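Coordinate inspection notes
Below are the chains, spelled out letter by letter.
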Amino acid sequence: MRLLRSVANDDRHVMAKHASIYPSSEDLEAVQTMVSTVECALKQVSDWLDGVKKAVKSSSEATEESETNKKDQSGRVLSGVVRIGLVAKGLLIKSDMDLELVLMCKEKPTETLLRTVKGSLPIQIKKLTEEPYEVVQCVEECAAAVRTTKEPFLTLKVILTSPLMREDPEKKEEVENVEMNDPPDILDRQICLNALVSLRHAKWFQARANGLKSCVIILRILRDLCNRDSAWQPLKGWPLELLCEKALGTCNRPLGAGEALRRVFECIASGILLPGGPGLQDPCEKEPTDVLAFLTDQEREDVTFSAQHALRLLAFGQISKVLDMEPLPYSKPATSSTEKEGVSTSSSPVKRPCDNDSEDESSKKLKPDWKKMIDSKYLQKSQPANALMRLNQLKYGLQYKLISQSGPVHAPVFEMSVDVDGTTYKASGPSKKIAKFHLAVKVLKALGCATEEDNEYLEAEEKTQNKSKVDSKSSNLTVSTSGNITTVEVKTQGPILTNGGKNPVMELNEKIRGLRYDLVTETGTSNDKRFVMEVEVDGHKFRGKGPNKKVAKASAALAALDKLFPQNKESNRKKKTVPQSKSGITSLMSAAVQAVRGRTRVLPRGGYVGAAAATGYLPAGYGSPYGYSPAPPAPVPPVYGMPKRMLLLPVMKLPTYPLSHYSFY
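Residues numbered from 1 in each chain as written. Predicted model: local features only at pLDDT ≥ 70, side-chain atom pairs only at ≥ 80, totals over all residues. Heavy atoms only, no water.

Turning our eyes to something else, we now look at the overall build of the protein chain. Of the regular secondary structure elements, the protein chain holds 21 helices and 13 strands. Out of the 665 residues belonging to the protein chain, those deemed buried represent 34%. Here the analysis covers contacts within the protein chain between residues at least 6 apart in sequence; of these, 57% occur between residues at least 24 apart. With an accessible surface of roughly 42400 Å², the protein chain has 53% of that area assigned to carbon and sulfur atoms. (Helix = DSSP H or I, 4+ residues; strand = E, 2+ residues; numbered from the N terminus. Buried < 20%, exposed > 50% of the residue type's maximum accessible area, 1.4 Å probe, protein only. Contact = heavy atoms within 4.5 Å. Areas by Shrake-Rupley, 256 points an atom, 1.4 Å probe, with all protein chains shown as cover.)

And the structure:
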């Protein structure tokens, strides 16, 4: 595993090199101004060409065409303009400022159309800006070049193309028709096809490579390397962009600038470019196409050797040689040669280097400092952060995943998980944020870096969230009373439930049956209805408002419950009864326990009504302390005058403190 210090050093050098090759703000502003001006001018040229085309035709044809153009804008001579190349991908550097636009045409572009665009473009540019621009026609490149006449000197190439250029003119059956239909001054077909390919590359890059961390930075660094080193020159452009996307997109975590550059070098040094290797497939082509097919064997070996040499330099901390820059100084200034010899130039004394004889003393001095560095209290003081931030500092790039969500709508439970060094940790909470905090505290405890403040912070977060839920619930409930009519409107989203988690209509029906809900009013438009439902209970009317009858009915029932049964607000728990056992001893103990808990009523002592006093039992009020007389002389078992399952309990004085919850079987 690489040291964190070497990774940070590589990042510093890569970012410093990137800052040196990145265009200045003045250059970027000039590029943006030039590209935007030319795009607006081309739009006006397209409008001018359509006006000329309509003026040539007859009035009847023009009116028919105007009606069709309102339905379909594909009748324009110039369909649109799209950015391609470095402008669309954002890969401009100081030594490489190539600007390109693609001008899409309805028909196949010709030299006549190119001359027309070249002649009208300067006129439209002058209408938009006062800065002078020079427009040059380049028939060999099927483009019109727009250049600035002052610093920074920029050149913008506008390439003409059309989707009709994709038609294959080599088909045997259509060769004659193509030759007859194509104009004689048509532009080069291969250059127009290359412009369409560049358009597909720009769209792919924006969708796949722009979202990868450090990908654009590394591409700018490697483009500068291609300009400096001739061995890397064949990879410049589309092959280099594909290599970076494949190398960084296959990593399971985001990479810093230094690690990303190393990974690209490792990918090339592994030999994928050598003859017989896997090659590099073009994702923008329908048929399998190797992007590196044009490379010779010698060029493949040169690039691979250069990547392997760069990896060796990176391994020995000489990244400055790879980037062709001066090495950056360390954060702490190095000691001078005079200090090494024992002559100090500063007023502070020079420390003696550690020898083998003084190894024990130096270890004693260093151990307390090392313990302080890894102590959680020291980390908390030097870096005041919560559990998530401290875990991110210790284990960078952790991915938190939501496993499940359970519970009702008003009290959800989220379960999160995270993988740390091959171990999966799980935790839950009332929200994703608190679940992640629980998870971070759990991981920190496993690593031995947790503090007491984490638990206090979690408790404060839970209290704040519970308070906000109560406040939001009370704020979403609007109650108004006029006479004997109470109106309730619930503004919250989701199902309306009572404190016990039931539907208000269902709970009110359990308490009072046979209620009738009537529709009072219905207002609003078709897309914003407001209903008012009313229910009458004991002469008092309760109304509820809502966007539909169901919500209004639930609001009315909720108003009735809050008014008539206020005890439901405190507790809605169902009372649990201890199951009665068949055994007499078990039922006796269960009844005694329930009597202490206050859950059942103890029957008073006395004779069973409707039965004569049996042998061995005295009638009520006779004066026996426990209600029993001496046993009969005959060995006949006593017959009690009571039902089989009813027992008369003696009066017992039991302590008032609560008993433990036991189950008797």
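The next thing to look at is the pattern of salt bridges. With the rule as written, the count across this model stands at 18 salt bridges. Residue Lys17 is joined to Asp224 by a salt bridge in which the shortest nitrogen-to-oxygen separation is 3.6 Å. Taken together, the positions of Lys17 in helix 1 (residues 4-21) and Asp224 in helix 8 (residues 215-228) put the pair 207 residues apart, joining distant regions of the chain. For Lys17, a relative accessible area of 10% corresponds to the buried category. By relative accessible area, which is 9% here, Asp224 ends up buried. Of the charged contacts in the structure, one is a salt bridge between Arg83 and Glu39, with a shortest N-O distance of 2.8 Å. With Arg83 in strand 1 (residues 78-84) and Glu39 in helix 2 (residues 25-56), this residue pair connects regions lying 44 residues apart in the sequence. Among the ionic contacts, a cluster of salt bridges with common partners joins Lys43, Asp47, Asp50 and Arg76. (Salt bridge = Lys/Arg side-chain N within 4 Å of Asp/Glu carboxyl O.)

Turning next to helix 5 (residues 111-128). Under the 1.5 Å per step criterion, the end-to-end length of helix 5 is 26 Å for 18 residues, consistent within 8% with the ideal 26 Å. The largest bend in helix 5 comes to about 25°, at Leu121, with the proline Pro122 one to four residues further on. For helix 5, the complete set of buried residues consists of Leu113, Leu114, Val117, Ser120, Leu121, Gln124 and Ile125. (Expected span 1.5 Å × (residues − 1). Bend = angle between axes of the 7 residues up to and from the residue.)

A separate point is the sheet that holds strand 2 (residues 99-105). Taken together, the 5 strands give an open sheet; going across it, the order is 1-2-5-4-3, and neighbouring strands pair in mixed fashion. In this open sheet, the two strands that pair with only one neighbour each are strand 1 and strand 3 (133-138). Within this sheet the neighbouring strands show an average axis-to-axis angle of 20°, counted without direction. One ladder, built from 6 bridges, connects strand 1 with strand 2; its direction is antiparallel. Across the sheet, residue Arg83 finds its bridge partner in strand 2, namely Leu101. Sheet strands touched by helix 5: strand 1, strand 2, strand 3, strand 4 (143-148) and strand 5 (155-161). Its angle to strand 3, the strand with the most contacts, is close to 180°. (Pairing = 2+ DSSP bridges. Axes fitted to C-alpha atoms, helices over the stretch in contact; angles between N-to-C directions.)

To continue, consider the side chain of His201. Locating His201 in the fold gives a position in helix 7 (residues 189-208). The buried category is assigned to His201, whose relative accessible area is 9%. Those residues within four positions of His201 in sequence are excluded, and the remaining contacts are Lys89, Trp238, Asp282 and Cys284.

To continue, consider the side chain of Thr37. Tracing the backbone through its elements, the reader meets Thr37 in helix 2. Thr37 gets classed as buried once you look at its relative accessible area, which sits at 12%. With residues up to four places along the chain from it excluded, the contact list for Thr37 reads Ile125, Leu128 and Thr129.

Between Glu151 and the following residue, Pro152, the backbone shows a cis peptide bond with an omega angle of -5°. Look at Asp324: it is not a glycine, yet its phi comes out positive at around 60°. Along the chain, the position of Asp324 falls in the loop between helix 12 (319-323) and helix 13 (337-340).

Bringing the sheet that holds strand 7 (residues 413-420) into the picture now. Pairing between sheet strands relies on hydrogen bonds along the backbone, with the strands arranged either parallel or antiparallel. Taken in spatial order, the 3 strands make up an open sheet running 6-7-8, and their pairing is antiparallel. Pairing within the sheet leaves two strands with one partner each, and these edge strands are strand 6 (401-406) and strand 8 (423-429). Here the strands of the sheet are splayed against their neighbours by 20° on average, with no regard to which way each runs. One ladder, built from 7 bridges, connects strand 7 with strand 8; its direction is antiparallel. By the bridge assignment, Ser417 is partnered in strand 8 with Lys426.

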